[in-house]
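Chain residues, written in single-letter form:
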Amino acid sequence: MEYLIKATDDGSGGLILDPFLGSGTTGVAAANTGRRFIGIECDPDYFQIAQARIRTAHADAITNNGLEPLTDWDPTAVANQDRSLDAL
């Protein structure tokens, strides 16, 4: 996945959208390459798995790759929203 992110990078530091987050592989690749990322997942169990993986990858990228931390990144912001279809 990192290969695809790097191959499509036009230098603008664009935003990556993954509407089917699953276990967060795309989010991990985005963190490893310093890209901003939005992931959407309706299964709370998979969301928790992805959130943990992306958090770890983001921290590792800062430590190991010298990437700047995202100051406006809040991994809990979406977790607190009502994600049920009944809310629509």
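What counts as what
Residues numbered from 1 in each chain as written. Predicted model: local features only at pLDDT ≥ 70, side-chain atom pairs only at ≥ 80, totals over all residues. Heavy atoms only, no water. Helix = DSSP H or I, 4+ residues; strand = E, 2+ residues; numbered from the N terminus. Contact = heavy atoms within 4.5 Å. Areas by Shrake-Rupley, 256 points an atom, 1.4 Å probe, with all protein chains shown as cover. Buried < 20%, exposed > 50% of the residue type's maximum accessible area, 1.4 Å probe, protein only. Polar contact = N/O pair within 3.5 Å; in protein donor to acceptor, adjacent residues only side chain to side chain. Pairing = 2+ DSSP bridges. Right-handed = clockwise from strand over helix to strand, strands pointing away.

Student: Which residues make up the overall build of the protein, and what are the values?
Tutor: Scanning the protein from N- to C-terminus turns up 3 helices and 2 strands. The order of helices and strands in the protein, counted from the N terminus, is α-β-α-β-α. For the protein, contacts bridging at least 24 residues in sequence account for 51% of all contacts bridging at least 6. By element, 54% of the accessible surface of the protein is carried by carbon and sulfur atoms, the whole surface being about 6,000 Å².

Student: A description of the side chain of Glu41 should follow, citing residues and the corresponding values.
Tutor: By secondary structure assignment, the location of Glu41 is in the loop between strand 2 (36–39) and helix 3 (44–65). Exposure remark for Glu41: the relative accessible area of 16% places this residue in the buried category. In this structure the side chain of Glu41 is engaged in a polar contact, spanning 2.7 Å, whose partner is the backbone nitrogen of Gly22.

Student: I'd like a description of the pairing of strand 1 (residues 15–18), backed by residues and values.
Tutor: Only one face of strand 1 is buried, namely the one carrying Ile16 and Asp18, since none of Leu15 and Leu17 on the opposite face is buried. Of the strand pairs in this sheet, strand 1 and strand 2 are connected by 4 bridges, and their pairing is parallel. Across the sheet, residue Asp18 finds its bridge partner in strand 2, namely Gly39. Of the crossover connections in this fold, the one passing from strand 1 over helix 2 (residues 25–33) to the parallel strand 2 is right-handed.

Student: An account of the environment of Phe47 is requested, with residue identities and associated values reported.
Tutor: Along the chain, Phe47 turns up in helix 3. What makes Phe47 buried here is its relative accessible area of 7%. Distance from Phe47 to Leu21, taken between C-alpha atoms, is 7.5 Å for residues 26 residues apart in sequence.

Student: How would you sum up the environment of Asp18? Please name residues and give values.
Tutor: Along the chain, Asp18 turns up in strand 1. Overall, the relative accessible area of 12% leaves Asp18 in the buried class. Taking the C-alpha atoms as reference points, Asp18 and Ile40, separated by 22 residues in sequence, lie 6.3 Å from one another. Asp18 has contacts with Thr26, Phe37, Ile38, Gly39 and Ile40, leaving out every residue within four places of it along the chain. A distance of 3.3 Å separates the side chain of Asp18 from the side chain of Thr26, its partner in a polar contact.

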